[in-house]
Amino acid sequence: MTGTSAKAPPDPYRDILGVDFGPDRLNSNVRAFEDILNAIRTLRECDLTDVHPAVVFDPASGYGEEGAP
Amino acid sequence: MSAGLWSRSIESLAPDLRSRRVSPVDLTEAVLERIRQHDGMLKSYVHVADGALEAAWEAEREIRNGHWRGPLHGIPVGVKDNYTARDMPTFAGTTAPGFSFPRKDSNAVARLRAAGAVLTGKTRMHEFAWGTVTPPTCNPWDVNRVVGGSSGGSGAAVMAGLAVAALGSDTGGSIRIPASICGTVGLKPTFGRVGRSGIVPHTWSLDTAGPLTRTVADAALILNVLAGADPGDPSCANRPVPDYAASLGQPVRHLSVGVCRNHFFDRNQDDVSNAVERAVSDLASQGMTVREFRIPALEYGLGAIFAVELPSSTAYHDVSLRNGRTGHFEPDVRTLVEVGRFVTGVDYLKGEQLRRVLMDDFRRVFSEVDVIVAPTTALTAWRHDATTLEIAGEQESVLAASWRLTYPFNLTGLPSISLPCGFDRDGMPIGMQVAAKPFDELTALRVAHAYERTHDWVSERPTL
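Residues numbered from 1 in each chain as written. Chains lettered and ligands numbered in written order. Predicted model: local features only at pLDDT ≥ 70, side-chain atom pairs only at ≥ 80, totals over all residues. Heavy atoms only, no water.

Q: How would you summarise the overall build of chain B if you had to cite specific residues and measurements?
A: Along chain B, the regular secondary structure elements total 15 helices and 13 strands. Expected size for 464 residues packed as a compact globule is a radius of gyration near 23 Å; at 20 Å, chain B falls within 12% of this value. Projected onto its principal axes, the C-alpha positions of chain B cover 60 × 60 × 45 Å. Burial status across chain B gives 65% buried among its 464 residues. The contacts of chain B with a sequence gap of at least 6 include a subset with a gap of at least 24, amounting to 76%. Counting every atom, chain B has about 15900 Å² of accessible surface; 49% of that belongs to carbon and sulfur. With 47 positive and 51 negative side-chain charges, chain B shows a spacing of 4 Å between the two charge centroids. (Helix = DSSP H or I, 4+ residues; strand = E, 2+ residues; numbered from the N terminus. Rg over C-alpha atoms; globule rule 2.2 N^0.38 Å. Buried < 20%, exposed > 50% of the residue type's maximum accessible area, 1.4 Å probe, protein only. Contact = heavy atoms within 4.5 Å. Areas by Shrake-Rupley, 256 points an atom, 1.4 Å probe, with all protein chains shown as cover. Lys, Arg positive; Asp, Glu negative; His and termini not counted. Charge placed at Lys NZ, Arg CZ, Asp CG, Glu CD.)

Q: Outline the packing of aromatic side chains, listing residues and values.
A: Geometrically, a pair of aromatic rings is defined through the distance of the ring centres and the angle of the planes. Residue and element names in this part refer to chain B. The tally for this structure, following the rule as stated, stands at 13 aromatic pairs over all chains. Taking 5.0 Å as the distance between ring centres and 65° as the angle between the ring planes, the aromatic pair formed by tryptophan 141 and phenylalanine 423 counts as edge-to-face. Here phenylalanine 423 lies in strand S12 (residues 416-423) and tryptophan 141 lies in the loop between strand S3 (118-123) and helix H5 (152-160), a separation of 282 residues in the sequence. Seen from their ring centres, phenylalanine 423 and tryptophan 457 are 6.0 Å apart, and the 65° between their planes marks the pair as edge-to-face. Of this pair, phenylalanine 423 sits in strand S12 while tryptophan 457 sits in the segment after helix H15 (441-452), placing them 34 residues apart in sequence. The class for tryptophan 457 is partly exposed, based on a relative accessible area of 27%. Three or more aromatic residues link up through ring pairs in this structure, and these residues are Phe99, Phe101, Phe128 and Phe329. Arginine 34 extends its terminal NZ or CZ atom over the ring of tryptophan 6, reaching a point 3.5 Å from the ring centre. (Phe/Tyr/Trp six-rings, centres within 6.5 Å; stacked < 30°, edge-to-face > 60°. Lys NZ or Arg CZ within 6 Å of the ring centre and 35° of its normal.)

Q: Just give me the short version of the packing of helix H2 (residues 23-32) of chain A against helix H3 (residues 34-44) of chain A, but keep the residues and values in it.
A: All names here are of chain A. Running from amino to carboxyl end, H2 crosses H3 at an angle of 50°, the nearest separation of the two axes being 4 Å. Looking at the two axes, H2 sits oblique to H3. Along the contact surface, H2 presents Val30, Arg31 and Ala32, while H3 presents Glu34, Asp35 and Ile36. Here the residues of the contact of H2 with H3 sort into three nonpolar, no polar and three charged. (Axes fitted to C-alpha atoms, helices over the stretch in contact; angles between N-to-C directions. Parallel < 35°, antiparallel > 145°, perpendicular 65-115°, else oblique. Nonpolar A, V, L, I, M, F, W, Y, C, P; charged D, E, K, R; others polar.)

Q: With reference to specific residues and values, describe the environment of serine 100 of chain B.
A: Mapped onto the secondary structure, serine 100 of chain B falls in the loop between strand S2 (76-80) and helix H4 (107-114). Along the chain, serine 100 of chain B and threonine 90 of chain B lie 10 residues apart, while their C-alpha atoms are 7.6 Å from each other.

Q: Got a sec to walk through unusual backbone geometry? Specific residues and values, please.
A: All names here are of chain B. Cis peptide bonds are those with omega within 30 degrees of zero, and the linkage from proline 135 to proline 136 qualifies with 5°. By secondary structure assignment, the location of proline 136 is in the loop between S3 and H5. Residues glycine 149 and serine 150 are joined by a peptide bond in cis, for which omega reads 5°. By the secondary structure assignment, serine 150 is in the loop between S3 and H5. A positive phi angle is found at alanine 92, which is not glycine, with a value near 55°. Here the phi dihedral of alanine 129 falls at roughly 65°; this positive angle occurs in a residue that is not glycine. Along the chain, alanine 129 falls in the loop between S3 and H5.

Right, dumping it as structure tokens:
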């Protein structure tokens, strides 16, 4: 008994991506995603290593001016 | 009832309403009669307000008693169905069971009400503001053709005189696309210029509220009312609001116009490109300097906007997705909400990184130009049953083509106003957009107004 043999590996769609569709729906969505994926693949090729994302985290947001020190 | 009141602009009506030469009740009755006559065919409204005439009577009483609230007082305005309102239902374009939205005025509706506008009803939109069409709404120029989307009901209603103006929302082009396709003006302000509290979200970092109107001046008058802080919207800027209408009519001869030669002119219908080229020449003839430029990173823009808006919409609908309610969505919207799960966190953040690249690229351009002029849509109104069209010699999906020229200004958050600049060989309107620096709607409006007043496109009306 090693305790490691019974557990199935995570399902790439259901467990990793959180997709919970039936097989037919999954297949049709994967097909529908092809054109979108092509556009995203182009983006993936772009080297953006040194670029800060446009969305900037602001820990003071929500305090208002009265919350400023 | 006065014939033709429904066809007039806010700019022309406001002085007459103030001086009581025109009655808000007569104006509202004219618009409501127009809805009764034509909306069975156009299908631009999902709800006609019960209280419109009552609000018009109230406006009449107030004006008679010397309490004129401003240029929108007594003006009938339609509201896109994703803005909540205290006295009208909100469906956000869905018939799926299990959704209910508050009976409370959204920020924009509250501002319109405070300005004395008469709310005519809720205009039809594509479900949850997805998509660049608005079935089953028909185009007033040819009922066999689409109105664009997702604010298509607003576009059709304004063009056909079923509202003097209307609210829209723009995530990837949803104000400017129907404006272009229907022949109205459509203003997407800077992201954060107009508060969005009370608008059913699509994509938090892209959604922008704004008006569809008959003229540029009308868009300025409505922006005067809508712009400003909204405590209920964390993205809304608390910046001073200039008088947008007061700046119109000032000379533009010392300004410069930028024309982006890649992306925006790569693949358009010939009539569209030709009309916009003529418009650029017209602006040059008014003394504006024309500078051409290129932004190569736009090649990655489509991937970026997909990577941002798909998971954002899916996150908003996550509970509905898990409990099966999305199974009741329209098939196209259901698919888009479901496939948002396929976009990884890395893809999303690369989309946000690409946005920064584009923002920096456009900032550099705006150090040399005051506005950018481009076509709004690569194609004009297409037939309801068309899924692809030949554009510049290639077969292309109409949906893919319809937002190609609008989403760059959503990714960058820049203000952009679409206005008519001609008609194609089939008599369908052509739109061009004028974009400006962040929070410089004033300059975009000035240039758009300078073009508009030297042409007669806004007086063209479809025969219903």
